[in-house]
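Topology and contacts: notes
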Amino acid sequence: MPETMLLVPGRSSKQGTSLNKGKFEDEYQEITSLVEMNEEDMVRLGFNNGDKLRLKNPVGETIVTCKSKKATDLPHGMIFIAYGPGSSRLMESDTAGSGMPLSKHLPVQVEKIG
Amino acid sequence: MTECLQLAGGKVYDPANNIDGDIKDIYIEQGRIVETPSATPRKINVSGMAVMPGGVDIHCHIAGPKVNLARKLQPEDHRLDPHPGTEQTRSGVGGSVPSTFATGYRYATLGYTTAMEAAVSPIGARHAIEEFHDTPVIDKGFYVLLGNNIFLQQLLREGRKEEFRHAVAWWINATKAYTTKLVNPGGDEPWKGKKNSRVGNIDEKSDVIEVSPRQVIDAFIGAVNELGLPHPPHIHCNNLGHSGNFDTTLETMKTAGDRRVHLAHIQFHSYGGEPGKNPKSASRQIAEYVNSHPNITCDVGQVMFGKSTIMTADSALAYTLRGFKKAKWVNADTECESGCGILPFSYQEHIYVHALQWAIGLELFLLSEDPWRIVLSTDHPNGGSFMNYPKLIRLLMDREFRKEEIKRVNQKAVKRTLLNELDREYTLNEIAIITRAGPARALGLKNKGHMGPGADADITIYDEMEDKEAMFNAPRYVVKSGNLIIENHEFRRDYTGKFLHTEPGYDASIVDQVKPFFENYYSIEFDNYAVDDSYLHDHEVIASSP
Amino acid sequence: MSGENVKIVENATCTFCGCVCDDMVLTVDLDQKRITKAKNACILGRAWYAEHYIEEDAPAAMIDGKPASIDEAVEEAAKTLVDAKFPITYGLSDTTCEAQKQAVAIADIIKGSIDTTTSVCHGPSGIAFQGVGESTMTLGEVKNRADLVIYWGGNPAESHPRHFGRYAVTAKGMFTPRGKKDRTVVVVDVRKTPSVPAANQFIQVKPGKDFELLWALRALVKNRKISPNIEEITGVSLETIQALVDKMKNCRYGALFFGMGLTMTRGRHFNSGALIALATDLNEYTHFVAKPVRGHGNVTGADNVMSWQTGYPFGVNFSRGFPRFNPGEFTTVDLLAKKDVDAALIIASDPASNFPQAAIDHLAGIPVVSLDTKATMTSKLAHVAFRTATYGINTAGTVYRMDDVPITLRKAFDSPFPTDEEILTAIKKRVRALKFPKNQAGDKVPPGRASQKEHWKH
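Presented here is a report on the structure given in the accompanying data block. (Residues numbered from 1 in each chain as written. Chains lettered and ligands numbered in written order. Predicted model: local features only at pLDDT ≥ 70, side-chain atom pairs only at ≥ 80, totals over all residues. Heavy atoms only, no water.)

Here the focus is the interface of chain A and chain C. Counting residues at the interface gives 38 residues for chain A and 49 residues for chain C. Taken together, the two surfaces of chain A and chain C that pack against each other cover about 3600 Å², and 61% of this comes from carbon and sulfur. Among the residues chain A hides against chain C, the three largest losses belong to Arg11(A), Asn20(A) and Met100(A). Together they make up 19% of the total. A salt bridge links Lys23(A) to Asp350(C), with the nearest nitrogen and oxygen atoms 2.9 Å apart. In this assembly, chain A and chain C are joined by 14 residue pairs in polar contact (both at pLDDT 80 or more). Every element with two or more residues in the side of chain A that touches chain C is listed here: helix 1 (13–21), strand 5 (78–82) and helix 4 (85–88) of chain A. With 6 residues, the single largest contributor to the side of chain A that touches chain C is helix 1 of chain A. (Contact = heavy atoms within 4.5 Å. Buried area = accessible area lost by both parts, 1.4 Å probe. Salt bridge = Lys/Arg side-chain N within 4 Å of Asp/Glu carboxyl O. Polar contact = N/O pair within 3.5 Å; in protein donor to acceptor, adjacent residues only side chain to side chain. Helix = DSSP H or I, 4+ residues; strand = E, 2+ residues; numbered from the N terminus.)

Right, here's the structure in full:
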């Protein structure tokens, strides 16, 4: 059974600097498809740094690379990704009359591939 | 692209040239009024119509940071009052704080061709000028807020009057302002720095800045008169809106002695009664002082019933009013210089205070003996939109109409004023003074407010009608800088209008004093503060005469 | 060799983020057309300058992926926009106010919709502002006066790296001469971000419970009772909440900065509104201000230009011949996802890369006109794509910092590519001519502030 976790897309320094180098460069692509996860969750789920994960919800899916984060820095069940094409694929387009799609705190199913 | 025009056969009201309804042709060439044109003019028959110089608004809030915040704040106000575009003109929205395009076009549709934004923080000057570029038809300028400027107050505390004058002139040049504006001088520091408190007495010294409001007022009146700016300091006195504030207003005028000064929206400063209790009218005391002191000019700041927006650099006042209204409220502090408060508001006939404010404004108009020194204004949009001017003119010109309107308002308030006893009716000539000739003279705009040879060809032509509100609501022709903008009530073309500013002289070494203060306490770089000439569209420097 | 033809630009302005720091000292190698050093820049600013280079070989304009002359592309763009029934103009936060003004003019003439990246950034805060108002300030007031600074749902250490040093945490000012020592700094977030080490206190709120925590604070500020289960709901104990209330009520000048942790999550404008209302309430006790920490270099300018020209900050539609505002209807994600547009003019933004997939899918199927300084996902799918000069590096113009302070840009060196303002002005002229063939009187109005010469023709 894939685990359901809460995806938080946000800005990061590396996302910002790589953006300037170009969105078609490998660096930007890599950074926007890297997901940070609580190290204890990783142990529990049997994930290792560098594992390819599939994030999936009713909107779409994307493939990311897993990276551990200290348990004190990221709560259990939460994963962080830098904004980019990856997070877009999981965003619902309905804005509830606000103009703003829900872009953070997206419940996604996480499973290891390959 | 200006035309050579002959406005033929109209009744001309040009009080500055002692012309009161005479039948006379007016000739226009190269954007100016001429005795005889050098080419064959296009003749427009205006017989049976009243020909006046374009209106001049000496005090309104139409551009800059606080105005734009107030626009952003009120979609509900815009939604009810769309302003469609045409092939010639841009679209926009109205309400009490219209978009820039609608502001310019709507002033033009009332026959106004010049308007002065009365309060811009120095750091917001660039913003105001950008908006002016998008405010069509009218000529415009602004007064820069310096009455709570911490650096200037430090100079005063140290008694450095010479340097104070140079610094004031530097600031006017750096912001491309028209003159200085004082708002609740000395009142910002208690508001920002002492948990939202306020100054009550103009001789009270703040323990931080160690100068009193009176010292600030005196210093500005001195400096601006020495610099010879075309318009003296434009003062919003302390204690605006508070019961018993007429005393502060009298003390402020006394501080001027016989030096030139302009008191803004004096209606809001003519209240008797005890602080904290319901106000009474003190318009007689104020009018008497103004009548007997020819150095003083003022605008009324008439309250008109209906929707308004309070927007003021007097942040503490807006907060006080929020206490009554409990609605959305904006406060915006501007580092080292100023701040503002914004509050959607409405004046209602049945409310004692609102009716009293309305009546006091009318009393001041009717008690004033010299129309040249009292200017028609609503402190747009504080007392109401400038779109109320035609109705206000009718209230002044038509005694019977006024009596009917008086019956509709809170009678307890009316009884506390002289309004029922005042039978005066303004003449068309007097209206031409309080809406054009007078404000142009008070502003030192020698080419405006009259139709003598050499004057700017800013002219409005009204159908003469019994109902003066209808008459002033829709001029048949409006000419701006020689361009026929409105013809038979329709816009014929778009026009940008000119930006008016002054360039008083100063000792450039004052920059060495300002710069270190800047580097310590501002959050932008000194070299990025002054507004450079690239921001000027068509503009005119109005000369100072030191 | 480089190094001989070098120019120094002082007091230049970095437009990468909403901090709009105007104290850059740029070393420009005019031969290489590169900025070799950006003194005072943060990590993001250094990358912004260091990675800026001119792709001389890139065509200034392309139609359907093939190089075209600028004039041909302007003509095709104008036709595309005039032929459309429901065109949208979107982007605008990474260009000058001068360009933004031309974009609004085009939308007005073609009676289309116009929206900016505000709608997917602090649009909800704009909606909240319209409901609640806001007690706010320029950043220098925080530097000079604030003895309590709270960051909520934002991570300036990574998104606005100089916010702390220049304006709000370690900055020294008139009544805060010792900087950090004279103030208390609190961070509220769902995770321990890299901003937390700068703070005296970190409060971790449960995801999606910001509104509940803000409402509890408002209640305690007004001495009302709150649910004893508040810790269970929000993840924050009653004692922690009460202690924060005491700090807020007793400070001299308090400032709340907030980020997209509030606007992009469940609650959206209610979250922003609760925070702004909290700051407003606190003014009964002391002086308190709030400010959204805006992202792009001139997103605040876009809000301002839209507001003064149309009365509304974003999400505007001109189809009835005057501006109407309705977020959720005239905002870009909604218009695209509901397939309510048949052409798009995208300026300095890349919705094809960061919008929800349904919106991207529709964008890919309609004719798009794009203006950007580099190739983007959006420019790749555009029918007409212009490559333009980078604002603040290759162009002058005006930008507004996140606190509405306008700043003039200084050009470091020339680009062979036209500016956004030039292209948009040219499109506006053609659009007007196509739309009103008999009446060109509107053109008598002088155009924008900056130079209007079409320099690519010389």
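Residue and element names in this part refer to chain B. Cis geometry is adopted by the peptide bond preceding proline 381, which originates at histidine 380 and carries an omega value of 0°. Relative to the helices and strands, proline 381 is located in the loop between strand 20 (374–375) and helix 13 (389–397). Residue valine 137 is not a glycine yet carries a positive backbone phi of 70°. Here valine 137 lies in the loop between helix 4 (125–133) and strand 10 (139–145).

Turning our eyes to something else, we now look at the packing of aromatic side chains. Ring pairs (aromatic) are described by centroid distance and by the angle formed between their planes. All names here are of chain B. A full pass over the atoms with the stated rule returns 32 aromatic pairs over all chains. Ring centres of phenylalanine 142 and phenylalanine 499 lie 6.3 Å apart, and the angle between their planes is 25°; on these two criteria the pair is classed as stacked. Of the two residues, phenylalanine 142 sits in strand 10 while phenylalanine 499 sits in strand 25 (residues 499–501), which places them 357 residues apart along the sequence. This pair shows no difference in class: phenylalanine 142 is buried, exactly as phenylalanine 499 is. (Phe/Tyr/Trp six-rings, centres within 6.5 Å; stacked < 30°, edge-to-face > 60°. Buried < 20%, exposed > 50% of the residue type's maximum accessible area, 1.4 Å probe, protein only.)

Here the focus is the nonpolar core. One finds Trp358(B), Leu26(C), Phe257(C) and Phe386(C) to be the most contacted residues of the largest nonpolar core, which totals 224 residues. Among all residues touching Trp358(B), those that are not within four sequence positions of it are Gln302(B), Val303(B), Phe305(B), Leu395(B), Glu405(B), Ile406(B), Val409(B) and Leu419(B). Ranked by size, the runner-up nonpolar core spans 37 residues in total, among them Leu74(A), Val205(C), Leu213(C) and Val221(C). (Core = buried A, V, L, I, M, F, W, Y, C linked by side-chain atoms within 4.5 Å.)

Let's shift gears to the environment of Leu356(B). Residues and elements named next belong to chain B. Relative to the assigned elements, leucine 356 resides in helix 12 (residues 352–367). Since its relative accessible area comes to 0%, leucine 356 is described here as buried. With 55 residues separating them in the primary sequence, leucine 356 and glutamine 411 have C-alpha atoms 9.3 Å apart. Leucine 356 has contacts with Pro279, Lys280, Ser281, Ala413, Arg416 and Thr417, leaving out every residue within four places of it along the chain.

Our focus in this paragraph is empty space enclosed by the protein. For the structure shown, the criterion picks out 13 cavities of 30 Å³ or more. Quantified by volume, the second largest cavity comes out at close to 550 Å³. Forming the walls of the second largest cavity are 41 residues, and the residues nearest its centre are Leu69(B), Thr136(C), Lys291(C), Asp403(C) and Asp404(C). At the level of elements, helix 1 (65–73), strand 9 (112–120), strand 18 (329–334) and strand 19 (338–347) of chain B together with helix 4 (123–132), strand 8 (133–137), strand 13 (287–292) and helix 13 (299–310) of chain C are the ones that each hand at least two residues to the lining of the second largest cavity. No other element matches helix 1 of chain B, which puts 5 residues into the lining of the second largest cavity. When grouped by side-chain class, the residues that make up the lining of the second largest cavity number 19 nonpolar, 13 polar and 9 charged. (1 Å grid on protein atoms, 1.4 Å probe; cavity = no way out; pocket = protein on both sides within 12 Å on 5 of 7 lines; lining within 4 Å. Points joined across faces, edges and corners; volume = space filled by probe spheres on them. Nonpolar A, V, L, I, M, F, W, Y, C, P; charged D, E, K, R; others polar.)

This part is about the side chain of His122(C). All names here are of chain C. You can see histidine 122 is positioned in the loop between strand 7 (113–116) and helix 4. Its relative accessible area of 2% is what places histidine 122 among the buried residues. Beyond its immediate stretch of four places on either side in the chain, histidine 122 contacts Phe258, Gly259, Met260, Thr263, Pro292, Val293 and Arg294.

Residues and elements named next belong to chain C. Taken together, the 9 strands give an open sheet; going across it, the order is 5-4-18-17-16-6-7-14-15, and neighbouring strands pair in mixed fashion. Both edges of this open sheet fall to strand 5 (66–67) and strand 15 (324–325), since each of them pairs with a single strand only. Alignment of strand 14 (residues 316–317) against strand 15, held across 2 bridges, turns out to be antiparallel. Looking at strand 15, one finds that asparagine 317 is bridged to arginine 324. Helix-sheet contacts for helix 13 involve strand 7 and strand 14, and the interaxial angle to strand 7 is about 150°. (Pairing = 2+ DSSP bridges. Axes fitted to C-alpha atoms, helices over the stretch in contact; angles between N-to-C directions.)

Our focus in this paragraph is the sheet that holds strand 3 (residues 34–39) of chain C. All names here are of chain C. Taken in spatial order, the 3 strands make up an open sheet running 1-2-3, and their pairing is antiparallel. Each of the sheet's edge strands pairs with one partner strand only, and the pair in question is strand 1 (6–12) and strand 3. In this sheet, adjacent strand axes meet at a mean angle of 20° when their direction is disregarded. Strands strand 2 (24–29) and strand 3 of the sheet are contacted by helix 1 (residues 43–50), whose axis makes an angle of about 160° with strand 3.

Attention shifts here to the pattern of salt bridges. All chains considered together, the criterion is met by 67 salt bridges over all chains. Of the charged contacts in the structure, one is a salt bridge between Glu405(B) and Arg408(B), with a shortest N-O distance of 3.8 Å. Judged by relative accessible area, which is 13%, Glu405(B) ranks as buried. A residue is classified by how much of its surface remains accessible, and Arg408(B), at 53% relative accessible area, is exposed. With its nearest N and O atoms 3.0 Å apart, the salt bridge here joins Glu55(C) to Arg387(C). Of this pair, Glu55(C) sits in the loop between helix 1 and strand 4 (61–63) while Arg387(C) sits in strand 18 (residues 384–387), placing them 332 residues apart in sequence. In this structure Glu55(C) comes out as partly exposed when scored by relative accessible area, which is 32%. When salt bridges with common partners are traced through the structure, they connect Arg32(B), Asp139(B), Lys448(B), Asp456(B), Asp458(B), Lys480(B), Lys498(B) and Glu540(B) into a single cluster.

Residues and elements named next belong to chain B. The N-to-C vectors of helix 6 (residues 161–175) and helix 8 (residues 213–227) enclose an angle of 65°; their axes lie 10 Å apart at closest approach. When the interaxial angle is binned, helix 6 and helix 8 end up roughly perpendicular. Note that helix 6 runs across helix 8; the crossing there is right-handed. Across from Lys161, Phe164, Arg165, Val168 and Ala169 in helix 6, the residues of helix 8 making contact are Asp218, Ala219, Phe220, Ala223, Glu226 and Leu227. (Parallel < 35°, antiparallel > 145°, perpendicular 65-115°, else oblique. Left-handed = near helix turned anticlockwise from the far one by under 90°.)

All we've got here are geometric facts, nothing functional implied.
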